[in-house]
Amino acid sequence: MHQRRTTTYGKLVRDRIPEIIEAEGLTAGVRVLDERQVVPALVAKLAEEAEELRQAGPDDRLGELADLHEVLAALAGALGFSDEQVREAARRKRAERGGFGRRLWLDEVTSPGESDG
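Here's a quick rundown of the structure. Keep in mind that this is a model prediction, so the values were computed, not measured. (Residues numbered from 1 in each chain as written. Predicted model: local features only at pLDDT ≥ 70, side-chain atom pairs only at ≥ 80, totals over all residues. Heavy atoms only, no water.)

Describing the overall build of the chain
Applied cut-off: Put simply, DSSP H or I for four residues or longer makes a helix, DSSP E for two residues or longer makes a strand, and each gets a number counted from the N terminus. Relative accessibility under 20% of the residue-type maximum defines a buried residue, over 50% an exposed one, and the middle range a partly exposed one, all with a 1.4 Å probe and only protein chains included. Contact criterion: two residues are considered in contact whenever any of their non-hydrogen atoms come within 4.5 Å of each other. Note on areas: Shrake-Rupley with a 1.4 Å probe; residue coverage comes only from the protein chains shown. Charged residues are defined narrowly, with Lys and Arg counted positive, Asp and Glu counted negative, and His plus the chain ends left uncounted. Where a charge lies is defined by one atom per residue type: Lys uses NZ, Arg uses CZ, Asp uses CG and Glu uses CD.
Helices and strands together make up the secondary structure of the chain, namely 4 helices and 0 strands. Reading the chain from its N terminus to its C terminus gives the helix and strand order α-α-α-α. In terms of its C-alpha atoms, the chain occupies a principal-axis envelope of roughly 80 × 35 × 30 Å. Looking at the chain residue by residue over its 117 residues, the buried ones come to 11%. The contacts in the chain between residues at least 6 apart in sequence include a share of 49% that link residues at least 24 apart. Looking at the chain as shown, the accessible area adds up to about 11,000 Å², and 53% of this sits on carbon and sulfur atoms. For the chain, the distance from the average site of its 18 positive side-chain charges to the average site of its 23 negative ones is 1 Å.

Dropping the structure here:
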């Protein structure tokens, strides 16, 4: 006789995950988040996916980027922004402050001393 075992996750998952879990003969306990819960859950998911990307090997990076992209799209929608609005804001910010193409790493900033004029 097998003993029941429950694993607690407490995190946002993709829409088909409960279906996939149940197809494996397991039971998924899920609930639908209300409007005030979804943004914090998406922000937490964003951090989780960013960490997974950080730890991913070369063969897994595309999949992790896809996960990040999906979470960002859902977060933008939950905040009331369209994909086009986000792209335009990114374009403006890139024009104003630059992108990351030059791979610049800021080591330090030194302020002028009193005698430096």
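And the narrative resumes.
Some thoughts on unusual backbone geometry
A positive phi is found at arginine 103, a non-glycine position, where the angle reads about 60°. Inspection of the secondary structure assignment puts arginine 103 in the segment after helix H4 (83–97).

Focus on the packing of helix H2 (residues 35–55) against helix H3 (residues 61–78)
How we decide: Every axis in this analysis is a line fitted to C-alpha atoms, fitted for helices over the stretch in contact. Angles between the N-to-C directions lie between 0 and 180 degrees. Reported orientations rely on four angle classes, namely roughly parallel under 35 degrees, roughly antiparallel over 145, roughly perpendicular from 65 to 115, and oblique for the rest. The sense of a crossing depends on the near helix, which, turned anticlockwise from the far helix by less than a right angle, makes the crossing left-handed and, turned clockwise, makes it right-handed. As a working rule, the residues Ala, Val, Leu, Ile, Met, Phe, Trp, Tyr, Cys and Pro are called nonpolar, Asp, Glu, Lys and Arg charged, and the rest polar, with Gly in that last group.
Where H2 meets H3, the closest approach of the two axes is 9 Å, and the angle between their N-to-C directions is 165°. One element, H2, and the other, H3, form an angle in the roughly antiparallel class. When the axes of H2 and H3 are compared, the crossing they make is left-handed. On H3, the residues touching Val38, Val39, Leu42, Val43, Lys45, Leu46, Glu49, Ala50, Glu52 and Leu53 of H2 are Arg61, Glu64, Leu65, Asp67, Leu68, Val71, Leu72, Ala74, Leu75 and Ala78. Looking at the contact of H2 with H3 residue by residue, the class counts come to 14 nonpolar, no polar and 6 charged.

Observations concerning the pattern of salt bridges
Threshold: Each reported salt bridge corresponds to a side-chain nitrogen of Lys or Arg within 4 Å of a carboxyl oxygen of Asp or Glu.
Considering all chains together, one arrives at 10 salt bridges under this definition. Taking the shortest distance from any N to any O, the salt bridge between lysine 45 and glutamate 48 comes out at 3.3 Å. Taken together, the residues span about one helical turn, with lysine 45 and glutamate 48 both in helix H2 at a distance of 3 residues. Under the relative-accessibility criterion, glutamate 48 is labelled partly exposed at 21%. A salt bridge links glutamate 88 to arginine 92; its shortest N-O distance comes to 3.7 Å. Note that glutamate 88 and arginine 92 are positioned in helix H4 at a spacing of 4 residues, about one turn of the helix. By relative accessible area, glutamate 88 is classed as partly exposed at 26%. One salt-bridge network, held together by shared partners, links Lys11, Lys45, Glu48 and Glu49.

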